[in-house]
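Structure assessment
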Amino acid sequence: MELTHIISTLALIGLLFITAFFQLSIILWTILFAAALVVITALGVMSAGWLTFFWVLYFLAAGFANLSRWRQHHLIQPALTHLRKQMPAISATEHAAIEAGDTWWEKELFCGRPRWKNLFSIPRPTLSAEEQSFLDNQTDQLCSMLNDWQIVFEDHNLPEPVWDYLKKEKFFGMVIPKQYGGLGFSALLHSTVITKLATRSASTAVTTMVPNSLGPGELLLHYGTEEQKNYYLPRLAEGKEIPCFALTGPDAGSDAGAITDIGIICKGMHEGKEIIGIRLTWDKRYITLAPIATVLGLAFRLYDPDALLGNKKEMGITLCLLPTSHPGVQIGHRHFPMHLAFLNGPTYGKDVFIPLDWIIGGANMAGQGWRMLMECLSIGRSISLPALSTGSSKMVYRFTGAYSKIRRQFNTSISSFEGVEEALGEIAGCTYMLEACRIMTAGAIDQKINPSIVSAIAKYHMTEMCRRVVSCGMDIHAGHMIQVGPRNFLANTYYAIPISITVEGANILTRNLIIFGQGAIRCHPYLLKEVELISATTSDIPALDRVLMSHVGFFISNALRAIAYGLTGGSFIFTSTIKHKRIKKYQRQLTRMSAALALFADASLLILGGNLKRRERISARLGDVMSQLYVASTVLKYYNDHQQPVSDVDYVCWSLQHCLSRIQLAFDELAENFSLSWVGHLLHFFIFPFGRAYYAPKDKLNHKIVTDMITPSALRDRLTKYCYVSNKETELSYRLDAALSQVASIEPILKKLQHVVKEHAIPHWYDFNERVQAAKQAGFITSEEAQQLIHFETLRQEIIKVNEFSFDLNTVIA
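Let us look at the structure shown here. (Residues numbered from 1 in each chain as written. Predicted model: local features only at pLDDT ≥ 70, side-chain atom pairs only at ≥ 80, totals over all residues. Heavy atoms only, no water.)

1. So, empty space enclosed by the protein
Rolled over the atoms, a probe as big as a water molecule pinpoints where empty space is left. Inclusion rule: Both site types are read off a 1 Å grid over the protein atoms alone. A 1.4 Å probe that fits but cannot get out defines a cavity, while an open set with protein on both sides within 12 Å along at least five of seven lines defines a pocket; lining residues have an atom within 4 Å of a point. Grid points are joined across faces, edges and corners, and a volume is the space filled by probe spheres set on the points. Helix numbering and strand numbering both begin at the N terminus, where a helix is a DSSP run of H or I of at least 4 residues and a strand a DSSP run of E of at least 2.
For the structure shown, the criterion picks out four cavities of 30 Å³ or more. Each pocket or cavity is described by its volume, and for the largest cavity that value is around 70 Å³. Contributing to the lining of the largest cavity are Ala 202, Leu 388, Ser 389, Ser 392, Thr 463, Cys 466, Thr 493, Ala 496, Ile 497 and Ser 500. Listed by contribution, the elements that provide at least two residues to the lining of the largest cavity are helix H15 (369–406), helix H17 (452–477) and helix H19 (491–502).

So this is what it looks like as structure tokens:
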């Protein structure tokens, strides 16, 4: 084959890549290929056989793309019937969930072309001076009032002074606007307050976050009538009303749309008058704050059998608000969730009659409850639970890091053992990712974005990261944190983890059904429109044709981009803003994996169609890729927002390596478990033509990020800025910080003491104090050094102590 022939063929292939890579319009690529073939024909540089082949191929492709009427009549119209059979039925509740909320940065990641400048141009989320003051004063004061041992194991409730302080300082009204008597704070402040409280008492954090997230206050703000807002919001802000919201029932847990509680439109008596209202019957459980609530938000199915409001008999899920003092409302006793002290319990009602205007938003909002819930769920998912997870991890990071440096075995700090260091590295890296994810996600809420998919990603992955962090913390402390008592700061957090995993949509459901299931439809540029056009009762063939052709171009573009990125290792992907070479390298890989996700997602949708809804594990793994891309993006955003500090480089690299290795694992499992095995492996080969590309962070990098965790450093202080540290010398948090600050000066003296003992200059059977005195008398250490050692050892012994109880466990002995 002549060289000119090879060059001509490569030129045509190159032109194909360019047109598809940049998704050039049909008319433009038609002209470009025609011109290229005319030039090649005129120059005579290609054999007649190959030239004929390329001209035929061109006319077929150009004809298919440009002859829209022929295509619509002969292809789209006949295919429509088949497509309708393949299209899965979308229920009303699913449709409401799909439409709820907004898409944001996750859409760019899903579509394969993340524009990083757009992300980095989003203003850094910050607290106002008033909000910072609230954190430094009221929140700090509240933390100082909390004794988690007393709250959980003795009182099983918050002390009365704490309840009074929460109400007085309007902790329950943080997000209620000032015009209604609230504090009018940002989502970031809400998140940061919960983060700080979680480092002190999980029960208090939960009690505070519920009225500020999914509950009557949030629903009233978005949908309430002015009369409802003016009456309830000031009372909620001041703590005169304690709210709860009842959604979950015995037969409606994760499938909240399956609620069996009913309301019947009927006539009844209210305040001495006959009116049209609702006769309610309900049975709810797991309702936080229900045992002390004065106002109950309720979700139920509304029916109008006598057509008192119109011809529609099944009106749908509806939300109402009623005082718990109203006749017939029953508040049960208490549940006891994982032995924690936040108040949680059941509520019941049988044939309870209420006026129509107790529907949130009034009678006009009857039947709109599911949409209302879906649009408000993102607050709990994107603010409260991520904040709780981040706070718990900050606490483990700060206190376990200090403990590991202070605790010694075999005359060595346990932080020096590689097994312990591995667990510390997991804590350090995950805490960095959690803080980055918390801030960026809360920042979206403050931009008036309601990120429904991002909130699901944050809820699932942040609670799972927290579970890993707390488990690592327990492994490091070992017996020290197994013994429950006032000295144990970790046990209650350990108990609380399953609650975070379960509430606001169980994690198994969130991962397997929601993240990719809703994400694909919401984030895909064409899928939702295709579903709507195919499902429509009246066919719009030209519109469907345009969308399908755009989808084909989108698929081909992402396929060729994924192949090009795979062959080049993503080395030529353009990046800006990020300056550090190592981090720029990982940023390119995120773009590469974004294109790979777009390719694999489209292939899955094409091959599995409606069955993808039932292939939960495929959906889950695609969701994992999308989620890890989002978490990695938050890390880059956090790093850039803090002016790309050198101190953070190792943490950023660890985080990005971690995310990319999880993406690698997800794609490996997708290929192995794809319905058509050969297609799965072919797609995997396109993405990773040279085999595995990403690995978990290496031991050396793990060691580097642990160093900042176990020594006083600016990065340690920034990452744990909102971790409460007591100023009382008797508290463990104070002792740990005080001891860690002395380690650098103590270690050289301690080594001298160990050396003289090893050399038998001092008897081995002496206890620590006797060894110090003997070393001082022998002149091995100075009097000042001896005093430092004794003081540090006293502090260290207090830190490693555990509590002892009377035999009946009713009295703390030590």
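From this point, the narrative continues.
2. Focus: unusual backbone geometry
Just so we agree on the cut-off: Burial classes follow relative accessibility: with a 1.4 Å probe on protein chains only, a residue under 20% of its type's maximum area counts as buried, one over 50% as exposed, and anything between as partly exposed.
Of note, Phe 410 is a non-glycine position whose phi angle comes to about 55°, a positive value. On the basis of relative accessibility, which here comes to 75%, the residue Phe 410 falls in the exposed class. Even without being glycine, Lys 448 reaches a positive phi, approximately 65°.

3. Considering the environment of Gln 23
Put simply, the rule reads: In what follows, a contact means two residues having at least one pair of non-hydrogen atoms within 4.5 Å.
Mapping Gln 23 onto the fold places it in the loop between helix H1 (3–21) and helix H2 (26–43). According to the relative accessible area criterion, Gln 23 is partly exposed, its value standing at 33%. Counting along the chain gives 692 residues from Gln 23 to Leu 715, while the straight-line C-alpha distance between them is 44 Å. With near-sequence residues (within four places) excluded, Gln 23 lies in contact with Arg 113, Ser 550, Gly 553, Phe 554 and Ser 557.

4. Quick notes on the layout of surface pockets
As a volume, the second largest pocket reaches approximately 820 Å³. Lining the second largest pocket are 27 residues, and of these Leu 16, Thr 19, Trp 29, Ala 61 and Ile 556 lie nearest its centre. The set of elements that each furnish at least two residues to the lining of the second largest pocket consists of H1, H2, helix H3 (48–66) and helix H22 (541–568).

5. A look at the pattern of salt bridges
Pairs can form between side chains of opposite charge whenever their charged atoms are close. Defined as follows: Think of a salt bridge as a Lys or Arg side-chain nitrogen and an Asp or Glu carboxyl oxygen that are within 4 Å of each other.
As enumerated under the stated definition, the model contains 30 salt bridges in all. Between Arg 279 and Asp 351 there is a salt bridge; the shortest N-O distance is 3.6 Å. One end of the pair, Arg 279, is in strand S3 (residues 273–288); the other, Asp 351, is in strand S7 (residues 344–355), and 72 residues separate them in sequence. Residue Glu 798 pairs with Arg 735 through a salt bridge whose shortest N-O separation is 3.5 Å. Taken together, the residues Glu 798 in helix H31 (residues 783–800) and Arg 735 in helix H29 (residues 732–758) connect sequence positions 63 residues apart. Look at Arg 735 and you get buried, because its relative accessible area is 13%. Taken together, the shared-partner salt bridges connect Arg 398, Arg 716, Asp 717 and Asp 737 into one network.

6. Description of the nonpolar core
Applicable threshold: Side-chain atoms within 4.5 Å are what join buried Ala, Val, Leu, Ile, Met, Phe, Trp, Tyr and Cys residues into a set we call a nonpolar core.
Residues Met 593 and Phe 667 are the most contacted members of the largest nonpolar core, which totals 135 residues. Setting aside chain neighbours within four positions, we find Phe 667 in contact with Met 593, Ala 596, Leu 597, Phe 600, Val 625, His 684, Ile 687 and Phe 688. Residues Leu 166, Phe 172, Ala 237 and Met 372 belong to the second largest nonpolar core, which totals 96 residues.

7. Quick word on the packing of aromatic side chains
Between two aromatic rings, the relevant description is the distance of the centres plus the angle of the planes. Condition: Planes of paired rings set the category: under 30 degrees apart is stacked, over 60 is edge-to-face and the rest tilted, where pairs are Phe, Tyr or Trp rings (Trp by its six-membered ring) whose centres lie within 6.5 Å. We call a charge positioned over a ring when the NZ of a Lys or the CZ of an Arg lies within 6 Å of the ring centre and within 35 degrees of the ring normal.
Taken as a whole, this structure holds 27 aromatic pairs when the rule is applied. Through a chain of ring-to-ring contacts, the aromatic side chains of Phe 600, Phe 667, Phe 674, Phe 688 and Tyr 694 assemble into a single cluster. A cation sits over an aromatic face here: Arg 71 above Phe 64, 5.7 Å from the ring centre. Arg 692 extends its terminal NZ or CZ atom over the ring of Tyr 695, reaching a point 4.9 Å from the ring centre.

8. Points about helix H16 (residues 418–446)
Applicable threshold: The length a helix should cover is 1.5 Å for every residue beyond the first.
The end-to-end C-alpha separation of H16 is 42 Å, in line with the 42 Å expected for 29 residues at 1.5 Å each. Within H16, 25 of the 29 residues are buried, which leaves it mostly tucked inside the rest of the structure. Directly beyond the C-terminal end of H16, a positive phi value near 65° is found at Lys 448.

9. Focus on the pairing of S3
Working note: regular strand, side chains alternate between the two faces of the sheet. Threshold: A pair of strands is labelled paired if DSSP reports no fewer than 2 bridges between them.
Note: strand S2 (residues 262–270) against S3, nine bridges, orientation antiparallel. Bridging across to S3, His 270 finds its partner in Lys 273. Hairpin remark: S2 followed by S3, antiparallel, with two residues in the connecting loop; positive phi at Glu 271, about 50°. In this sheet, S7 lies alongside S3 in antiparallel orientation, the contact comprising nine bridges. In the strand pairing of S7, Thr 288 is matched with Asn 344.

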